[in-house]
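Reading the structure
For reference, the chains in residue letters:
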Amino acid sequence: MSTDKLQQPLLVVEDDLALQKQIKWSLDRFESVTAHDRESAMTQVRRYSPAVVTMDLGLPPDADSVSEGFKLLEQILAAAPDTKVIVLTGQNDQSNAVKAVGMGAYDFLAKPFEPEVLNLCVERAFRLHHLQAENKRLRAMQMPDALSGLVTRDPQMLRICRTIEKVASTNASVMLLGESGTGKEVLARGLHQQSNRKGNFVAINCAAIPENLLESELFGYEKGAFTGAAKTTPGKIETAHGGTLMLDEIGDMPMPLQAKLLRFLQERVVERVGGRQGIPVDVRVVCATHQNLAQCIKEGRFREDLYYRLAEIVVEIPPLRARVGDAALLAHSFVRRFGGEHGRSLTLADDALRAIESYSWPGNIRELENRIKRATIMADGNQLTADDVGLAGADGTEDDRSLDLRLTREAAEQRAVLAALARADGTVAKAADLLGVSRPTLYDLMHRLGLKI
Ligand SMILES: Nc1ncnc2c1ncn2[C@@H]1O[C@H](COP(=O)(O)OP(=O)(O)OP(=O)(O)O)[C@@H](O)[C@H]1O
Ligand SMILES: [Mg+2]
């Protein structure tokens, strides 16, 4: 069935079976399926997702009127708006044909039709459908403007960008989970920009502010509320009115404040410290953490009810080492940026690129950014070496075991075999081809490395 969908055939909807045959025959260079009434047509639409449909407006049970035809047209376009529908009408039915086009039909032809004209019309419809699908595919690969500063080609990251784009205009609270330096703030800002909310983007780091100050930072305070409260000051939540509030490191928020935050999220009203009056605030909340919140909940350090309020949409950002090809891509982009800032045209040497690709980046993009920044300052020539980015010999110096040739070879073999098996979807013969060894050799290897078939 899925291959049928891929081909997206032509659907011919015609209740007069002789005519149906004739149409199919005239269009025999296109792969086609048929239907004779509205119900069977919709079944075919769902089953084959046809790219092009030719249809009669007069369909049973009321073949003399056009009501079934219009209903079908409406249903097809609702189910698959990209379908190109060509309406075949009687000679004196121009007004209905025009109405059909007004409803979204691609074109109309009067019966009896010239086979060449019909062919041409169907061919153009197929071509347009193909172009639009291609265009859609290309657009899906492009980054939305709000995330234009984000460099990635990793499929998982691109999917995350799509999610951010989709939920941006809603009020859903978004939770960004990811290791330090993976771009949580970049995504949060992108979400805000894409949301068209007029207010500010305000971020507060719950881990960086001492517990006793966090409450007044978040909720603000009235003059005289405590020693040192010289004047009434609005909190971060209020400042974000009409905009987006980012609660960074939410996992570090102390329990008493969690209760207060929950109350705010339920009632959308803040009360400043020392104040008596509730102030209504409209904010979109985004939170982020590198902590495992499920664990925090289990240990009683994080409120489960607050979690569900904050986690309407959860986005798990992969670490840099799990993104395919991104380390090198980002490195090039940082070299261009920092080189440009110093008025130098710098490039990465091969050994630097190799080191960047094989390093595990515990500090993620921030670490990469810092290393390249430092390298652009330190480099003597126009090429940044592995030494300049501080990764020279990183593999060898970590521990002596990595100097052991046998262990190194085994680790490399295991990586290659696993990768080949994965790429070959578990087919040993194919994996052996990829590795350039015979099938028995691969079986031996797998046996030696303790890998299951
Ligand atoms: N995909 C990306 N493309 C370009 N730059 C990026 C990308 N992701 C992150 N950065 C840059 O890396 C740095 C770290 O990103 P960010 O501050 O968003 O990470 P974070 O997840 O919030 O980190 P932390 O947990 O430490 O707060 C920033 O300078 C940001 O501009
Ligand atoms: Mg951050």
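Just above, that's the structure.
What this report covers is the structure whose coordinates are included nearby. As the structure is a computational prediction, the values presented were derived from the model and not from experiment. (Residues numbered from 1 in each chain as written. Chains lettered and ligands numbered in written order. Predicted model: local features only at pLDDT ≥ 70, side-chain atom pairs only at ≥ 80, totals over all residues. Heavy atoms only, no water.)

A few points about the site of ligand 1
Lining the immediate surroundings of ligand 1 are 17 residues, of which V151, S180, K184, R366 and E369 lie closest. The separation between an oxygen atom of ligand 1 and a polar main-chain atom of G181 is 2.8 Å. Cavity membership is defined here by more than half of the atoms lying within 2 Å of grid points; on that basis ligand 1 lies in the largest pocket. Of all the elements in the fold, those that place two or more residues in the shell around ligand 1 are α8 (184-195), α14 (326-341) and α16 (364-378). Counting only domains with at least three residues in the shell around ligand 1, you end up with domain 2 (151-316) and domain 3 (321-397). (Near = heavy atom within 4 Å. Polar contact = N/O pair within 3.5 Å; in protein donor to acceptor, adjacent residues only side chain to side chain. 1 Å grid on protein atoms, 1.4 Å probe; cavity = no way out; pocket = protein on both sides within 12 Å on 5 of 7 lines; lining within 4 Å. Sits in = over half its atoms within 2 Å of the grid points. Helix = DSSP H or I, 4+ residues; strand = E, 2+ residues; numbered from the N terminus. Domains from an automatic or database assignment.)

With respect to the nonpolar core
In a soluble, globular protein the nonpolar side chains are often hidden away together inside. One finds L218, L247, I250, F264 and L310 to be the most contacted residues of the largest nonpolar core, which totals 31 residues. Looking at this core, the elements with two or more residues in it are β6 (174-177), β7 (201-205), α9 (211-219), β10 (244-248), α11 (255-267), β13 (284-289), α12 (293-298) and α13 (304-310). Here the element with the most residues in this core is α11; it accounts for five residues. If sequence neighbours within four positions are ignored, L218 has contacts with I204, G235, K236, I237, L247, M253 and L257. Judged by nonpolar contacts, the second largest core, of 25 residues, contains A327, L368, I372 and V389. (Core = buried A, V, L, I, M, F, W, Y, C linked by side-chain atoms within 4.5 Å. Buried < 20%, exposed > 50% of the residue type's maximum accessible area, 1.4 Å probe, protein only. Contact = heavy atoms within 4.5 Å.)

Section: the sheet that holds strand β5 (residues 107-110)
Read from one edge to the other, the open sheet built from five strands follows the order β2-β1-β3-β4-β5, with strand pairing classed as parallel. In this open sheet, the two edge strands, each paired with only one partner strand, are β2 (32-35) and β5. With strand direction ignored, the average angle separating the axes of adjacent strands in the sheet is 20°. Here strand β1 (residues 10-13) runs beside strand β3 (residues 52-56); their pairing, made up of four bridges, is parallel. Bridged to V12 within β3 is T54. (Pairing = 2+ DSSP bridges. Axes fitted to C-alpha atoms, helices over the stretch in contact; angles between N-to-C directions.)

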